[in-house]
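Breakdown of the fold
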Protein chains: 2
Amino acid sequence: MKNNEVTILGAGLIGSLLAIYLKRQGLDISVYDKRPDTRKTKYFEGGRSINMALSYRGWKSLEKVGLKDQVLPLAIPMYGRKIHDEHGGTTFIPYGKADQAIYSISRGKFNQLLVEEAERLGANMHFEHLCQQVDFRSGQITFESPEGEKKLEPQVIFGADGAYSALRMSMIRQIRFNYKQEYISHGYKELTIPATADGEFAMDPNALHIWPRGKFMLIALPNPDKSFTCTLFLPFEGTKVCFDKIQDERDLESIFRNYFDDAYHLMPDLKQEFFRNPTSALINIECYPWVQGNSLLIGDASHAMVPFYGQGMNCGFEDCFILNELIEKYGDSAWNLVFEKFQKKRKPDTDAICQLAMENFIEMRDSVADPKFLLRKKIEAKLYDLYPKEWIPLYTMVTFSDMSYSEAYAQGKLQEAIMDKVMADPLITENWNKLDYEDIINQMETAKAV
Amino acid sequence: MKNNEVTILGAGLIGSLLAIYLKRQGLDISVYDKRPDTRKTKYFEGGRSINMALSYRGWKSLEKVGLKDQVLPLAIPMYGRKIHDEHGGTTFIPYGKADQAIYSISRGKFNQLLVEEAERLGANMHFEHLCQQVDFRSGQITFESPEGEKKLEPQVIFGADGAYSALRMSMIRQIRFNYKQEYISHGYKELTIPATADGEFAMDPNALHIWPRGKFMLIALPNPDKSFTCTLFLPFEGTKVCFDKIQDERDLESIFRNYFDDAYHLMPDLKQEFFRNPTSALINIECYPWVQGNSLLIGDASHAMVPFYGQGMNCGFEDCFILNELIEKYGDSAWNLVFEKFQKKRKPDTDAICQLAMENFIEMRDSVADPKFLLRKKIEAKLYDLYPKEWIPLYTMVTFSDMSYSEAYAQGKLQEAIMDKVMADPLITENWNKLDYEDIINQMETAKAV
């Protein structure tokens, strides 16, 4: 049946926040998710959720709907990367200025908080509703639910249904749709460093811990219960250290003692977890158009990225923020116009962050272990100090500002080329403090003007 | 039920030729196609099939299974491009040497010939069988057929089921599969130039006719019944001349009289055909892996390309030829090895031809109208004459040889860079005959050595 409702597919982080934004616009909202309601059942989603890092764009989008203060207690600030070398030594590399942090948060409670807020505002939440297809000719959407098959004809459909979006699959099958899905050679597995016997964090809680080992790495993010959620990233196959070559506990122990010895001693449940938890794949998705008729893809459904810039969720939240601005500007009856403006504005930005996320994997697993990398960050931090308007490090533009991702990307590439030249000086380690910083800025301004 | 059969999805050109190759290897073959048997029913496939151009790789693959002589009567040689300017003037640009031609052939009869040969050799042909999915865990394939649902567990499955392959869709849904589908901004529509009143060709039959108009074009290929199959390529929307802006007969007439006046006078059924025939989209598909378990994608299913290099069918036929070589080398019980070797060897080549096909669209619709283009072809032909081993024009490598597409691509890029320099001379039109051809070859050899 035809109705005036706005339908959102997906009650995940993006779908729920979108419902909150649209309820605040006074719209009739129904949200459908294929999973059971995690508040009612003990749905096990563990073992495959990398902890997330909330940063500026995410907070800004939460603040706009008055949720910042409710979310803060769930989040732990991380002020930089703590790099663990193979001998157990550590180095701290700040993310930005002393007070700038990204915030570790785990999906479960955060998602519940958003679902509850959406419901409180009057959104109708429907769980265990699997979207089977959207037919763009009839505008009809078909669900499989515990009560059988249901068909709806909503006024508007949002696909916030993630990397394996059903709305997107309908687009792939029905329209002239450009689409790319790309799996990287690495997979990941979730592991845990529990709280110590006396109930404390086993490591510094205010950092993102990285064990960079060239072609692979381990990372750890803190949780409010004083555990760390660890994620091991390895190639699936074909290299000396890869998932394929860890067949039994001896293989596992040998790799951990060899490469992650300090972490190994903090992981009492390693063997159990490793062989119980799934090995998950990492996908990058780019597609266009995001709009077909009255339907719009949003969040991971339109731009799933690899997790290495910590921007997947932040970018999806910013999608909601920007969509909301457009609705405020053009009204909530001009969906065609709003959708068209949205995809035109947003696509170059999500392309840029997808690309940056891919590039950052190499930085995290490899470059951060290079002493030159640390020096490079120091020089950039000094440039930022001296010329806070002219030179903003790329990580800062992406993480601690709401400059558009595409602008950050372009500016970052300029700065990268200049820093490559600066770092090429064989005596840079000795001379970095005597660099002609003004000249560097001038080079950058010249490059920009070209 | 489990059986020892080899299953081929698709009884199109590639599926049928593959069945012929595999029957000659003595295998048990069943072919399933979703369409009805065109020999029994009057299945209308008209209006959306660009005529094809058989060239060296295609002929070689047909010859290997003894079919060349049977196919020749269906094909008309085209020795070059005949360019039609806006005033009705024409220029002929040969494709290669005087005796080198590509052969216009239309899909219908050619496909029937291949299906009949496959059947004669003992392949079991099943029509009106729509593959719904292949389940890679169970190895089971499900068909919808006039007799209801059927499930099979073949020994091996080939997906020769084209650009919208069902086997590939199962891979997209079930495995870690890299996939890209890209629609270009242009669509196409099939039209006809019939034989003249006295039963003759209305234009030179031994050429591929092109009306290049910058952002769009019309082409025409000859048929044995003395008609030409024409294809109009226009952007779907957004430009001065596009499908969206042809809403009625007046729009159509105005565009044809403006841009294709000489053709217009040869097209008595233009108006009827234009509004009856569908406007079809053009897609480029690249994916990997092509293999999952006992299944292999082949032909358009693994690498659908835009039609502008005339290589789609030739490349699919070459797939069959190369697969057959691998079976001869490794035996028909080592499918895993054969499939792995096949995809590793073939993927860089199909990537190269997909890319070339995309680039050639600009050449066809735009560059060929430039007098400099003609001169460039002349200089390259002369280089080829003087140094037949060192300088083979790209078109010749792709069309009149079986050099791997990736090698042709690399060599073509080298030659292109050198020709760009040669053509940059403002006096080239006057001086081309006095060029230092030996020096050009030396430049190329140097570039190659780098």
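Residues numbered from 1 in each chain as written. Chains lettered and ligands numbered in written order. Predicted model: local features only at pLDDT ≥ 70, side-chain atom pairs only at ≥ 80, totals over all residues. Heavy atoms only, no water.

Counting 156 residues, the largest nonpolar core has Phe 110 and Phe 158 of chain A together with Phe 110 and Phe 158 of chain B as the members making the most contacts within it. Ignoring any residue separated from it by four or fewer positions in sequence, one finds Phe 110 of chain B in contact with Leu 13, Leu 54, Leu 62, Val 71, Leu 74, Ile 105, Met 313 and Phe 317 of chain B. (Core = buried A, V, L, I, M, F, W, Y, C linked by side-chain atoms within 4.5 Å. Buried < 20%, exposed > 50% of the residue type's maximum accessible area, 1.4 Å probe, protein only. Contact = heavy atoms within 4.5 Å.)

As a further point, take the pattern of salt bridges. According to the stated counting rule, one finds 53 salt bridges over all chains in the structure shown. Put simply, Asp 420 of chain B and Arg 376 of chain B hold a salt bridge, and the shortest N to O gap is 2.9 Å. Residue Asp 420 of chain B is located in helix α14 (residues 405-424), and its partner Arg 376 of chain B is located in helix α12 (residues 371-386); the two are separated by 44 residues in the primary sequence. What emerges from the salt-bridge pattern is a single network uniting Asp 37, Arg 39, Lys 40 and Glu 119 of chain A. (Salt bridge = Lys/Arg side-chain N within 4 Å of Asp/Glu carboxyl O. Helix = DSSP H or I, 4+ residues; strand = E, 2+ residues; numbered from the N terminus.)

So, on to the packing of aromatic side chains. All names here are of chain B. Per the stated rule, a full pass over the model turns up 49 aromatic pairs over all chains. An angle of 75° between the planes, with centres 6.0 Å apart, marks the rings of Phe 110 and Phe 317 as edge-to-face. Here the residue Phe 110 occupies a position in helix α4 (residues 107-120), and Phe 317 occupies one in helix α10 (residues 312-330), the gap between them amounting to 207 residues. Phe 110 sits in the buried class, given a relative accessible area of 0%. (Phe/Tyr/Trp six-rings, centres within 6.5 Å; stacked < 30°, edge-to-face > 60°.)

Turning next to the domain arrangement of chain A. Residue and element names in this part refer to chain A. Its domain assignment divides chain A into domain 1 (6-48 + 106-181 + 284-360) and domain 2 (370-449). Averaged C-alpha coordinates put domain 1 and domain 2 at centres separated by 36 Å. Contacts between the two partners involve 13 residues from domain 1 and, on the opposite side, 10 residues from domain 2. Among the residues of domain 1 in contact with domain 2, Tyr 309, Asp 349 and Leu 356 are the three that bury the most area, contributing 46% of the side total. Joining domain 1 to domain 2, the criterion identifies one salt bridge. (Domains from an automatic or database assignment. Buried area = accessible area lost by both parts, 1.4 Å probe.)

Next up on the list: the interface of chain B and chain A. With 17 residues of chain B in contact, the opposing surface of chain A contributes 17 residues. The contact between chain B and chain A buries some 1,500 Å² in all, and 49% of this surface belongs to carbon and sulfur atoms. Summed over the three residues of chain B that lose the most area to chain A, namely Arg 176, Gln 181 and Tyr 183 of chain B, the buried surface amounts to 42% of that side. Here chain B and chain A share two salt bridges between them. Across the pair Glu 237 of chain A and Arg 176 of chain B runs a salt bridge whose closest N-O atoms are separated by 3.9 Å. Counting across the interface, chain B meets chain A through eight residue pairs in polar contact (both at pLDDT 80 or more). Listed by contribution, the elements that provide at least two residues to the side of chain B that touches chain A are α5 (166-174) and β13 (178-193) of chain B. Of the residues forming the side of chain B that touches chain A, the biggest block, eight residues, is contributed by β13 of chain B. Along the lines of polarity and charge, the residues of the side of chain B that touches chain A split into nine nonpolar, three polar and five charged. Bridging between strand β13 (residues 178-193) of chain A and β13 of chain B involves three bridges; their strand directions are antiparallel. Each residue of the ladder has a partner; that of Tyr 179 of chain A, found in β13 of chain B, is Gln 181 of chain B. (Polar contact = N/O pair within 3.5 Å; in protein donor to acceptor, adjacent residues only side chain to side chain. Nonpolar A, V, L, I, M, F, W, Y, C, P; charged D, E, K, R; others polar. Pairing = 2+ DSSP bridges.)

With that settled, the discussion passes to the packing of helix α2 (residues 56-64) of chain A against helix α10 (residues 312-330) of chain A. Residue and element names in this part refer to chain A. Packing of α2 against α10 leaves a shortest axis separation of 8 Å and a crossing angle of 45°. As judged from the angle between their axes, α2 and α10 are oblique. The handedness of the crossing between α2 and α10 is left-handed. Of the residues in α10, those in contact with Arg 57, Gly 58, Lys 60, Ser 61, Leu 62 and Lys 64 of α2 are Asn 314, Phe 317, Glu 318, Phe 321, Asn 324 and Glu 328. Grouping the amino acids of the contact of α2 with α10 by side-chain chemistry returns three nonpolar, four polar and five charged. (Axes fitted to C-alpha atoms, helices over the stretch in contact; angles between N-to-C directions. Parallel < 35°, antiparallel > 145°, perpendicular 65-115°, else oblique. Left-handed = near helix turned anticlockwise from the far one by under 90°.)

Before going further, it helps to examine the relation of the copies chain B and chain A. Each copy superposes on the other: chain B lies on chain A with an RMSD of 0.0 Å after a rotation of 180° and an axial shift of 0.0 Å. Taken together, these values place the two copies in the relation of a two-fold axis. Residue Lys 180 of chain B, judged by its C-alpha, is the member of chain B lying nearest the rotation axis, at 2.1 Å. (Least-squares fit on C-alpha atoms with pLDDT ≥ 70 in both.)

Attention now goes to the packing of helix α5 (residues 166-174) of chain A against α5 of chain B. Two numbers describe how α5 of chain A lies on α5 of chain B: the axes approach to 13 Å, and their chain directions differ by 165°. In terms of orientation, α5 of chain A lies roughly antiparallel with respect to α5 of chain B. Seen from above, α5 of chain A lies across α5 of chain B with right-handed handedness. Packed against α5 of chain A, whose contacting residues are Met 169, Ile 172 and Arg 173 of chain A, the element α5 of chain B presents Met 169, Ile 172 and Arg 173 of chain B at the interface. Looking at the contact of α5 of chain A with α5 of chain B residue by residue, the classes come out as four nonpolar, no polar and two charged.

With that out of the way, let us pick up the sheet that holds strand β4 (residues 76-78) of chain B. Paired through their backbone hydrogen bonds, the strands of a sheet run either parallel or antiparallel. Residues and elements named next belong to chain B. If you trace the three strands from one edge of the open sheet to the other, you get β3-β7-β4, paired in antiparallel fashion. The open sheet has two edge strands, β3 (52-54) and β4, and neither has a second partner. Adjacent strand axes in the sheet meet at a mean angle of 40° when their direction is disregarded. Where β3 meets strand β7 (residues 102-105), three bridges bridge the pair, whose relative direction is antiparallel.

We now examine the pairing of β7 of chain B. All names here are of chain B. Burial along β7 is two-sided: the residues Ile 102 and Ser 104 and Tyr 103 and Ile 105 are all buried. Relative to β7, β4 is paired through three bridges, and the arrangement is antiparallel. Across the sheet, residue Ile 76 finds its bridge partner in β7, namely Ser 104.

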